[in-house]
Amino acid sequence: MTQTHRLLEGGLVDRSKPLTFTFDGMTYTGYQGDTLASALLANGVRLLGRSFKYHRPRGLIAAGSEEPNALMQLETGPYTEPNTRATCVELYDGLVAKSQNRWPSLGFDVGAANSLVARFLPAGFYYKTFMWPASMWMTYEKYIRKAAGLGVSPTENDPDVYHGTYAHCDVLVIGAGPAGLAAATAAASGGARVMVLDENNTPGGALLGTSNNAASLEFIKRSEQALEQHENVQLLTRTTATGYYDYNYITALEKVTDHMGPGNGGKSPRQRFWKIRAKQVVVAAGSIERPLVFADNDRPGVMLANAVGTYINRYGVLPGNDVVVFTNNDSAYQVALDAAENGGVVTVVDTRPSVSSSLKTQLEQKNIKLFQGHAITSVQGAKGVESVRVMKLSADGDSVQGQAWEIDCSVVASSGGWTPSCHMVSQSGGKLKYIESIAAFVPDESRLKKTSPNISAGSCNGSFDTATCIQQGARAGLDAATRCGFDGAAASGDSFQVNEIPLGTISPLWLVPTTHPVGEGRSKHFHDFQNDVTAADIQLAAREGFVSVEHLKRYTTTGMATDQGKTSNLNALAIMANIQGVSIPEVGTTTFRPPYTPLTLGAVGGQESRELFIQERQTPMHEWHVDNGAEFEDVGDWKRSWYYPQAGEDMHSAVQRETLAVRESVGMLDASTLGKIDIQGKDAVKLIEMVYTNNWQKLAIGSCRYGLMLNEHGMIFDDGVTTRLAENHYHMTTTTGGAARVMGWLEEWLQTEWPEWEVYCTSVTEQWAVMAINGPKARELLQDITDIDVSKDAFPFMTMREGKVAGVPARVYRISFTGELAYEVNVPARYGKHLIEALAAAGKKYDLCPYGTEAMHVLRAEKGFIIVGQDTDGTVTPQDMDMDWIVSKTKEEYLGNRSQARIDTQRAARPQLIGLLTEDPTVVLPEGAHIVSEVSDAPPMPTIGHVTSSYMSPNVGRSIALALLQDGINRKGDVVTLRLMNGEVHKATVSDTVFVDAEGVRVRG
Amino acid sequence: MFIINCPYCGDRDQTEFSCHGEAHIPRPTETKKMTDEEWGEYVFFRTNPKGYHRERWLHDHGCRRWFNALRHTVTDEFVASYKIEDPRPPIPDNGGQS
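Every value quoted in this text rests on a predicted model; they were computed, and no experiment measured them.

**Examining the overall build of chain B**
Phase 1: Counting its regular elements, chain B contains one helix and six strands.
Phase 2: Scanning chain B from its N terminus toward the C terminus, one meets helices and strands in the order β-β-β-α-β-β-β.
Phase 3: Judged by the C-alpha coordinates and their principal axes, chain B covers about 45 × 35 × 25 Å.
Phase 4: A burial count over chain B gives 19% of its 98 residues as buried.

As structure tokens, this is what we get:
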């Protein structure tokens, strides 16, 4: 294929560097400096995709990131990316692109039949048609998703690397067009730290698409050189400001190596996500041209006027030889001149009844025919523009009359005026105001000087000539730097000659009439191309009462596609305003939402992905567990040993073996993850009295006590054993998951309520390595490796002794979470691995069995010991847990005390903890299973409780369960019914919660 | 993403902090003598204003100190942050615009 539409010279492409690429399997050639869009256009490829709803043929509309149509499936395999805009993809050698939303091929698309039934696919069609019956939605949805929808997601893992980075600056400039460059130069002149972001691969903005490139390029070069002189200035190209949040927090996506092609980026990340905090922001984001909304304005070849100009001037591509320029303002006349200058046959159709004589003269000099007060009433050509019909507009612009002129053409360059890019200001919380003279919204004066100080400059502020843009930019840059405390040089700004025709007097014609009323006949007036929304849809929304701008948007899906309505929003508002007979500002705008352009989840995640997504916490004995074949369980961020399968064992048999071993000989568990808090100070006991429900005043030094913590609602939120180490020194333990929460709880009360108390709390969770030794042979085992007197009388249950274990200093707590004779050996963390190795060696003759958290759960459930967060859920009082014994009746105050007497906590039939023994002892109920008062074939059924813990207990020789059951404590001995999700029904007897050694003999052995 | 002034550390990013609702609600003493309504008022009820709000903040990932701040709930402007024991700063009379 040859580049039939490439001009012989001109533009910023390097004709000495040809690049080969494929589109839908065909091979083409472009040049270095092309985008995928300009290269396709150079090759005469106009049909680039099918539209979202009607599958209509679509081509390029724009030359920048506002492009709604030319969405590509880029690359293949793990590198594939859907919905990339061809206008933003820099061409590289070997690029592979495919069109989307077509089947079986772009040229012949079965879905285009939607177009024939278009009158049955109005706005809100899916909502109206597929709502009933609700159960069928799942069936419909599959087909709707297949029929609609754009590209496809990759199915393999993303091989690319992404980075996130933080930056701070005094002045952030968004956009490096003429205003942005002037702002940055002025701000930098006084020494401010300046960052400039631009989505293009080179600074310059709109100047890159103007016809006098030499002068523009010199200005860009001058500005770059001026910025380079300052160390504090960072100019980031290929970087889009995607979000603007409170206090001038701006996110930006830098496409670092996308332009090199997949896998060619070397050691650089593919993309970098910037999180920037700026003292002042200058928004110089430019503006976006609006299409005119006329009949069948979506035919491939109907483009924005400035896009035609940009393809000619920046890329050296004439999109077509016969060009009709259709406009309601002066700016498009430059495009007409540029096209004619480059060999195009040009006709201008202007909706305004008369234009200035100077414009007429310029057109005449280039032999350009002009229709004044005329409009395009139809576009012919199914897969690309072949001709347009032009008729005279009535004086009010509501209808057309007279003779229809047929003009052969391949390109329509349309301009409905310019919409300042207010996205950033709107995201920051700023308000917009409507300016009649430009028929568009601009940023209102900032009301957010404290939380989001910013200034808009250039065409995003409604100034469309380059000289004014530069002046405004320089002024804004200087002001911003001054507010940061820098003196800038006088901000006069640069000046040079640009070939441009300013906006002039715009005469809005928001909806271009045709020979029949809009919405009738087969022609369509599109305003939102990507979501296939037409003026008729807005009329329908108005008829059905969806007139508020937020309803209009959601009902018609206007502006909700991946382009977020960059080219469509204002047209939609204006059409609605006309229907209602109100002004555009009365209709109002929707709030712009980040991101400005789509960004990859990879970039947002940055380096915090895969193994760095959550950082693991490992105990000092972790290596030993790995060496001994442990399977691990995540508990909070901790990796805990779950069970230790031996050869041929599955999880169930390993857990059963471990559970038996603890009660028959001795087992050891790594308990290092339990939260540990060191509490000291003369008021320490006052704090402990306040946070636990029971009495602590009389706890002897060296003794341990179990405690429950309540929040002020009276609900259990943590538990643990606290030991008095010395007169004013306590060691508190918490649940593994609750450690940070309890630490915060203590600090909160100490700092906010009792700051005068002398108490110091220190987290020592990671300072101690802990092995729990449980079982009848625990004493014998410990005896062999400690100098502590572990005899029954010298070291009773619920006490602590200090000494040496395995030759290292240790605190040994005789406490038990299994109901067996047990010791928890605490050694400084650095001795953790030494301790477990010493225990393993000494334990051989006692058949010591390492056990994990699963056996721990079974063992504690056999004893009816609760796990906070499993058997409780934040709505459970101590009484509900049948633990009234731990609630002091004599203490005046403790947290949650008064809530114990609330009506709700006192009411009858609260769920209470009980045991359950299934009728069939082999049935292990699923945790969460509901106890129901009546069984029916399908939900709903009245629920009176649910299972919280459930295991097969080898020591009891049957399944056991704990459950919360309404009025459960009074129902012991009753038989209840459980109905499972799979329809099974089981009977179970309500029992006590203690299934093993109810008298508590073993623990005191 | 706010910038919040910790009275102990200075300006820091919001990610270092957590907010804990309305400030200046002391825990009652002699709670056993309170009616259910009085206790319920303390535990459950908050003012939730549209406008200036004195609230508790914790510099979790920093000095771990609790402090109070005066923030406008519409504009998110932080007028002042102050230590627990400091007197309450006055509410500005400009209606929350800044």
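From this point, the narrative continues.
**Observations concerning the overall build of chain A**
Phase 1: The number of helices and strands found in chain A is 24 helices and 47 strands.
Phase 2: Projecting the C-alpha coordinates of chain A onto the three principal axes gives extents of approximately 115 × 70 × 55 Å.
Phase 3: The proportion of buried residues among the 1005 residues of chain A is 53%.
Phase 4: Of all intrachain contacts in chain A linking residues separated by at least 6 positions in sequence, the fraction that spans at least 24 positions is 67%.

**Description of unusual backbone geometry**
As a rule of thumb, non-glycine residues mostly have phi less than zero, and peptide bonds are mostly trans rather than cis.
Residue and element names in this part refer to chain A.
Phase 1: Cis geometry marks the peptide bond from Pro594 to Pro595, where omega comes out at 0°.
Phase 2: Structurally, Pro595 can be placed in the loop between helix H15 (584-587) and helix H16 (601-605).
Phase 3: Note the cis peptide between Pro939 and Pro940, where omega equals 5°.
Phase 4: Structurally, Pro940 can be placed in the loop between strand E43 (930-932) and strand E44 (943-953).
Phase 5: Residues other than glycine seldom take positive phi values, yet His55 does so here, at roughly 55°.
Phase 6: Here His55 shows up in the loop between strand E3 (49-50) and strand E4 (57-58).
Phase 7: His55 sits in the buried class, given 22 other C-beta atoms within 10 Å.
Phase 8: Despite not being glycine, Tyr247 shows a phi value in the positive range, around 55°.
Phase 9: Within the secondary structure, Tyr247 sits in the loop between strand E11 (239-245) and strand E12 (249-255).

**A word on the nonpolar core**
Residue and element names in this part refer to chain A.
Phase 1: With 165 residues, the main nonpolar core has Val171, Ala183, Val325, Ala336 and Val412 as its most contacted residues.
Phase 2: Considering each element in turn, this core owes the most residues, eight residues, to helix H5 (residues 178-189).
Phase 3: Once you skip the residues sitting within four places of it in the chain, Ala183 turns out to touch Val173, Val282, Ala284, Ala457, Gly473, Ala474, Ala476 and Gly477.
Phase 4: With 102 residues, the next largest nonpolar core counts Val691, Met771, Ile815 and Leu962 among its residues.

**What about the interface of chain B and chain A?**
Phase 1: Contact with chain B, which involves 21 residues of that partner, is made by 22 residues of chain A.
Phase 2: Class assignment of the residues belonging to the side of chain B that touches chain A gives a composition of eight nonpolar, four polar and nine charged.

**Examining the sheet that holds strand E41 (residues 849-850) of chain A**
Residues and elements named next belong to chain A.
Phase 1: With mixed pairing, six strands are arranged side by side in an open sheet as E38-E39-E40-E37-E31-E41. Single-partner strands in this sheet number two, and they are strand E38 (800-805) and E41.
Phase 2: Sheet analysis places strand E39 (residues 808-813) next to strand E40 (residues 822-828), joined by three bridges and oriented antiparallel. Bridge pairing in E40 places Val812 opposite Val825.

**A word on the packing of helix H12 (residues 535-543) of chain A against helix H14 (residues 569-580) of chain A**
What describes two packed helices is the angle between their axes and the distance between those same axes.
Residues and elements named next belong to chain A.
Phase 1: Contact pair H12 / H14: the axes reach a minimum separation of 10 Å and the direction vectors enclose 45°. On the basis of their axis angle, the class for H12 and H14 is oblique. Considering how the two elements wind past one another, H12 and H14 form a crossing that is right-handed. Residues Ala535, Ile538, Gln539 and Ala542 of H12 form the contact with H14, whose own contacting residues are Ala572, Ile575, Met576, Ile579 and Gln580.

**Regarding H5 of chain A**
Residue and element names in this part refer to chain A.
Phase 1: With twelve residues, H5 extends 17 Å between its outermost C-alpha atoms, agreeing within 8% with the 16 Å of an ideal straight helix rising 1.5 Å per residue.
Phase 2: For H5, the buried fraction is high: twelve of the twelve residues fall into the buried class.
Phase 3: Listed in full, the buried residues belonging to H5 are Pro178, Ala179, Gly180, Leu181, Ala182, Ala183, Ala184, Thr185, Ala186, Ala187, Ala188 and Ser189.
Phase 4: Looking at the buried positions of H5, the neighbouring elements they touch are strand E8 (162-174), strand E9 (194-197), helix H6 (213-228), strand E10 (233-236), strand E13 (271-283) and helix H11 (466-483).
Phase 5: Among the residues trailing H5, Gly191 stands out with phi positive, at a value near 100°.

**Topic: the confidence of the model for chain B**
Phase 1: For chain B, mean pLDDT is 93; residues scoring 70 or higher make up 95% of the total.
Phase 2: If you check the scores for this complex, the pTM reads 0.90 and the ipTM reads 0.96.

**Points about the pairing of strand E30 (residues 638-643) of chain A**
For a regular strand, the rule is simple: side chains alternate between the two faces of the sheet.
Residues and elements named next belong to chain A.
Phase 1: Burial within E30 is extensive, with five of its six residues counted as buried.
Phase 2: Across five bridges, the pairing between strand E29 (residues 631-635) and E30 is antiparallel. In the sheet register, Asp634 faces E30, and the bridge partner there is Lys639.

**Concerning the sheet that holds strand E4 (residues 52-58) of chain B**
All names here are of chain B.
Phase 1: With respect to topology, four strands assemble into an open sheet ordered E3-E4-E5-E6, the strand pairing being antiparallel. At either margin of the open sheet sits one strand with a lone partner, and together these are strand E3 (18-22) and strand E6 (78-83). Averaged over all neighbouring strand pairs, the angle between strand axes comes to 30°, with direction disregarded.
Phase 2: Two strands pair when backbone bridges link them, and strand E5 (residues 66-72) and E6 are joined in this way by five bridges, in the antiparallel orientation.

**Considerations on the domain arrangement of chain A**
Phase 1: Domain parsing of chain A yields domain 1 (1-157), domain 2 (162-287 + 419-483), domain 3 (291-416), domain 4 (516-586), domain 5 (629-904) and domain 6 (908-997).
Phase 2: Taken together, the nine residues of domain 1 of chain A in the interface contact eight residues of domain 2 of chain A.

**A short note on the environment of Ser387 of chain A**
Phase 1: Among the structural elements, Ser387 of chain A can be located in strand E20 (residues 387-393).
Phase 2: Along the backbone, Ser387 of chain A and Ser410 of chain A are 23 residues apart, and their C-alpha atoms lie at a distance of 6.9 Å.

**Considerations on the packing of helix H19 (residues 684-691) of chain A against helix H20 (residues 739-752) of chain A**
Residues and elements named next belong to chain A.
Phase 1: One can describe the packing of H19 onto H20 by two numbers: an axis separation of 11 Å at closest approach and a directional angle of 115°. Judged by the angle between their axes, H19 and H20 are roughly perpendicular. For H19 against H20, the interelement crossing comes out right-handed. Only Trp745, Leu746, Trp749 and Leu750 of H20 make contact with H19, whose side of the interface consists of Leu687, Met690 and Val691.
Phase 2: Across the contact of H19 with H20, the residue classes tally to seven nonpolar, no polar and no charged.

**Some points on the pairing of strand E34 (residues 716-726) of chain A**
Residue and element names in this part refer to chain A.
Phase 1: Across the eleven residues that make up E34, a large majority, nine, are buried.
Phase 2: Pairing geometry for strand E33 (residues 704-710) and E34, over seven bridges, is antiparallel. Its bridge partner lying in E34, Arg705 is registered against Thr722.
Phase 3: The turn joining E33 and E34, which pair antiparallel and follow one another in sequence, is formed by five residues; a positive phi near 90° is taken by Gly714.
Phase 4: By the bridge criterion, four bridges tie E34 to strand E35 (residues 729-734) in an arrangement that is antiparallel. Residue pairing across strands places Thr723 opposite His731, the latter belonging to E35.

**Some remarks on the environment of Glu689 of chain A**
Residues and elements named next belong to chain A.
Phase 1: Position of Glu689 among the secondary structure elements: in helix H19.
Phase 2: In this structure the C-alpha to C-alpha distance between Glu689 and Val323, which are 366 residues apart in sequence, comes to 86 Å.
Phase 3: Not counting residues within four places of it along the chain, the set of residues in contact with Glu689 comprises Trp696, Gln697, Lys891 and Tyr894.

**Structural notes on H11 of chain A**
Residues and elements named next belong to chain A.
Phase 1: Here H11 is 18 residues long and its end C-alpha atoms lie 26 Å apart, about the 26 Å a rise of 1.5 Å per residue gives.
Phase 2: Burial analysis of H11 places 14 of its 18 residues in the buried class, the great majority of the element.
Phase 3: At the C-terminal side of H11, Gly485 shows a positive phi close to 95°.

**Things to note about the environment of Asp396 of chain A**
Phase 1: For Asp396 of chain A, the position within the fold is in the loop between E20 and strand E21 (400-408).
Phase 2: Separated by 124 residues in sequence, Asp396 of chain A and Arg272 of chain A place their C-alpha atoms 52 Å apart.

Calculation criteria
Residues numbered from 1 in each chain as written. Chains lettered and ligands numbered in written order. Predicted model: local features only at pLDDT ≥ 70, side-chain atom pairs only at ≥ 80, totals over all residues. Helix = DSSP H or I, 4+ residues; strand = E, 2+ residues; numbered from the N terminus. Buried ≥ 20, exposed ≤ 12 C-beta atoms within 10 Å, placed from the backbone. Contact = placed C-beta atoms within 7 Å. Core = buried A, V, L, I, M, F, W, Y, C linked by C-beta atoms within 7 Å. Nonpolar A, V, L, I, M, F, W, Y, C, P; charged D, E, K, R; others polar. Pairing = 2+ DSSP bridges. Axes fitted to C-alpha atoms, helices over the stretch in contact; angles between N-to-C directions. Parallel < 35°, antiparallel > 145°, perpendicular 65-115°, else oblique. Left-handed = near helix turned anticlockwise from the far one by under 90°. Expected span 1.5 Å × (residues − 1). pLDDT = per-residue confidence, 0-100. Domains from an automatic or database assignment.

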